[in-house]
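Read off the chains here:
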Amino acid sequence: MSVLLVADHDLGQLSPATARIVHAAAQLGPIDLLVIGENGDKIAEQAAKLAGVHKVLLAQELSFTDSDLALLETLAQRYQYVIQSAGSVGRDRIPALAARLDLMPVTDVIEILGPNRFVRPIYAGNALQTITDPQAKHILTIRASAFPAAKSDNTAPIETLGDTTASVARLIATHRTEGDTPDLATAQIVVGGGIALGSAENFQLVEKLAKKLGAAIGATRAAVDAGYAPNDWQVGQTGKIIAPDLYIAIGISGALQHLAGIQGAKRIVAINNDPEAPLVKLADAALIGDLFEIVPQLIDELDKAGVSR
Amino acid sequence: MKILVAIKRVVDHNVRIRVRPDGTGVETQGVRMSMNPFCKHAVEAAVQLGDAGHADEIVVVSVGPKAANDVILTALAMGAHRGILVETDAELETLAVAKLLAKIVAEENPDIVLLGKQAVDDDSNHVGQMLAALTGRPQATFASEIKVVGQGLEVTREIDTGRETIAIPLPAIVTADLRLNTPRNAALPMVMKARSKPLAVRPAAEFSVDLAPRLQVEKISPPAERVAGKTVGSVSDLAAFIAGEVSQMEAL
Ligand SMILES: Cc1cc2nc3c(=O)[nH]c(=O)nc-3n(C[C@H](O)[C@H](O)[C@H](O)COP(=O)(O)OP(=O)(O)OC[C@H]3O[C@@H](n4cnc5c(N)ncnc54)[C@H](O)[C@@H]3O)c2cc1C
Ligand SMILES: Nc1ncnc2c1ncn2[C@@H]1O[C@H](COP(=O)(O)O)[C@@H](O)[C@H]1O
């Protein structure tokens, strides 16, 4: 059984999610890891190091949905599995690829039970579907947050692919969130802030605590809609799915759409002035009170205890 | 221009669902149902494009049971002109839904098809992309802004690294994200007027599409329960808890 896995990358770097998808997919068969991107050589070199990768395929092109699909459709003929992470690129391409191949995809896989048995969440994670896929080929997206990373001790060969298709789409602008905070989907610690922060300026309190802990920053939809945080920090049913060892939720009620994104968190800390907030009810350690008093004190106490990463 | 909007009737997003103890599914009997939130944003986007003079006809389509008429009426009350119910009592997979919608696209030949980015029951996030693949039309998924520019669209998309704006030619498929707009609540006169707008009911069988499921759902189970929450008494206790967790991580 052979696997075609599409790598995720950003700014010329392989995304940390890919190592996790490689680890998950390695149990399905030898992996050909496809890197699609202009100037993808460095990404391909990083990809070649991942344990479980049989070979790296490099397509040097601007990645667009339609051109990627044309490439994937051709390559798919040779594989039993086509897989990508359930990030925004995989979500965009994989269902379209499946439809072109007249196959039903299985997406957001969080557990692989066998060669064609998978578990995926539905209803914002409030129910889990166990699925058998009897089709000849399996088209999957996998959630990086649900799997550990593959080791980087491999030296797989890199093969460059020939001509690729042009796209009808044109990129006009990118609006990136500047900063060097860790990747949310794979971070070990995440500090999240809600609408209670009250302004973009106050949201820096969340950022300050995150910086101290070397944590990624998350936000609720309410905080993003209000303009306190950029959209790519949103955690939940419509945002990113996280599974850190520690999630610190500040002024977040714990609506079910937010909880959908944090079910994989090992430990949850909540700071909230409402003892009845759903997130307080399931936190491993909740402190009831005003976040504007608590968070600055907490940063001081962590300083005193010499905690910093 | 003509715009087609696909809408789904789902368990209302505020309902806390219950998994049936026998593992056969989620309890939907006697549960409040409503239009999928992302579809509401899609309908609103269509109506706003209409208000801006970019659309002279907005058609909404839903695939589902007779009761899905109510979400079509909601969309008509929001400002859509005409509805189509592709009626079936079967729970269809996304590929089958996309194939039925592709037939409607072939009949109606709309310039823009708007869908929600995901249905909050199955959380699939498939149908728009599948429809684009089946109809050979370009797609712009997860839209937070849609502009008609010349003969095409400029769509701003919400992606993992922030946002990006792409230009695509028409006809095209666009899926709506939550920050696209604020859906209106239809005023009572519009609700009354909706009842007199045309609504065609067509059995799914009429479209000669193979609707048989491809996947076998073995069971539906509840997620693991988290242990009940604990509170700590002071900031120092909280700091000690966090410090303890962090030191364990570093030990790994
Ligand atoms: C289809 C759909 C998808 C959605 N997807 C997402 C998603 O992906 N992610 C997401 O987060 N949401 C999502 N939402 C929105 C979600 O339903 C909630 O509205 C949102 O999560 C609430 O955000 P919040 O916790 O910041 O705000 P609130 O619910 O208003 O909670 C604020 C909390 O702060 C506390 N508080 C107030 N002041 C203080 C203070 N001074 N000190 C301490 N605590 C204080 C309050 O007690 C309260 O618990 C979605 C909604 C829909 C309909
Ligand atoms: N049964 C349906 N009838 C009409 N539109 C649907 C149906 N199912 C899905 N859609 C559309 O496809 C979008 C994405 O749904 P999904 O791929 O199921 O998450 C929804 O927001 C709708 O716009």
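Heads up: the structure comes first, above all this text.
Note that the structure is a prediction, hence the values are computed from the model and not measured. (Residues numbered from 1 in each chain as written. Chains lettered and ligands numbered in written order. Predicted model: local features only at pLDDT ≥ 70, side-chain atom pairs only at ≥ 80, totals over all residues. Heavy atoms only, no water.)

Novice: Just checking my understanding: could you explain the overall build of chain A for this structure?
Specialist: The helix and strand tally for chain A stands at nine helices and 18 strands. In summary, chain A has a C-alpha radius of gyration of 21 Å against a globular reference of 19 Å for 309 residues, a match within 12%. Referenced to the eigenvectors of the C-alpha coordinate spread, the extents of chain A come out at roughly 60 × 40 × 40 Å. Burial statistics for chain A: of 309 residues in total, 60% are counted as buried. When contacts within chain A are restricted to residue pairs at least 6 apart in sequence, those whose partners lie at least 24 apart make up 64%. Per element, the accessible surface of chain A, about 11,600 Å² overall, is 50% carbon and sulfur. (Helix = DSSP H or I, 4+ residues; strand = E, 2+ residues; numbered from the N terminus. Rg over C-alpha atoms; globule rule 2.2 N^0.38 Å. Buried < 20%, exposed > 50% of the residue type's maximum accessible area, 1.4 Å probe, protein only. Contact = heavy atoms within 4.5 Å. Areas by Shrake-Rupley, 256 points an atom, 1.4 Å probe, with all protein chains shown as cover.)

Novice: For this particular structure, what's the right way to read the site of ligand 1?
Specialist: Taken together, the neighbourhood of ligand 1 is formed by 30 residues, with T220(A), V235(A), T238(A), S253(A) and Q257(A) sitting nearest. Surrounding ligand 1 are residues belonging to chains A and B, so the site spans chains. Contact distances for ligand 1 include 3.4 Å between an oxygen atom and a backbone N or O atom of G239(A). Within the contact set of ligand 1, an oxygen atom lies 2.6 Å away from a side-chain nitrogen or oxygen of S253(A). Against a free-state accessible area of 990 Å², the protein chains account for coverage of 80% of ligand 1. When residues of the shell around ligand 1 are traced back to their parent elements, those giving at least two are α6 (221–225), α7 (256–259) and α9 (291–304) of chain A together with α1 (37–51) of chain B. Here the shell around ligand 1 is composed, by residue class, of twelve nonpolar, 15 polar and three charged. (Near = heavy atom within 4 Å. Polar contact = N/O pair within 3.5 Å; in protein donor to acceptor, adjacent residues only side chain to side chain. Nonpolar A, V, L, I, M, F, W, Y, C, P; charged D, E, K, R; others polar.)

Novice: Can you walk me through the packing of helix α3 (residues 94–108) of chain B against helix α4 (residues 127–135) of chain B in this structure?
Specialist: Packed helix pairs are characterised by how far apart their axes lie and by the angle those axes make with each other. Residue and element names in this part refer to chain B. Taken N-terminus to C-terminus, the directions of α3 and α4 make an angle of 50°; their axes are 9 Å apart at the nearest point. Accordingly, the angle class assigned to the pair α3 and α4 is oblique. Taken as a pair, α3 and α4 cross one another with a handedness that is right-handed. Mapping the contact onto sequence places T94, L95, V97, A98, K99, L101, A102 and V105 in α3 and V127, M130, L131, L134 and T135 in α4. (Axes fitted to C-alpha atoms, helices over the stretch in contact; angles between N-to-C directions. Parallel < 35°, antiparallel > 145°, perpendicular 65-115°, else oblique. Left-handed = near helix turned anticlockwise from the far one by under 90°.)

Novice: What is the right way to look at the packing of aromatic side chains in this model?
Specialist: What describes a pair of aromatic rings is the distance from one ring centre to the other and the angle between the planes of the rings. Residue and element names in this part refer to chain A. The final tally for this structure, using the stated rule, is one aromatic pair over all chains. Pairing F203 with W233 gives two aromatic rings, centres 6.3 Å apart and planes at 25°, and the pair type is stacked. With F203 in helix α5 (residues 200–213) and W233 in the loop between α6 and β16 (246–250), the pair connects residues that are 30 residues apart, well separated along the chain. (Phe/Tyr/Trp six-rings, centres within 6.5 Å; stacked < 30°, edge-to-face > 60°.)

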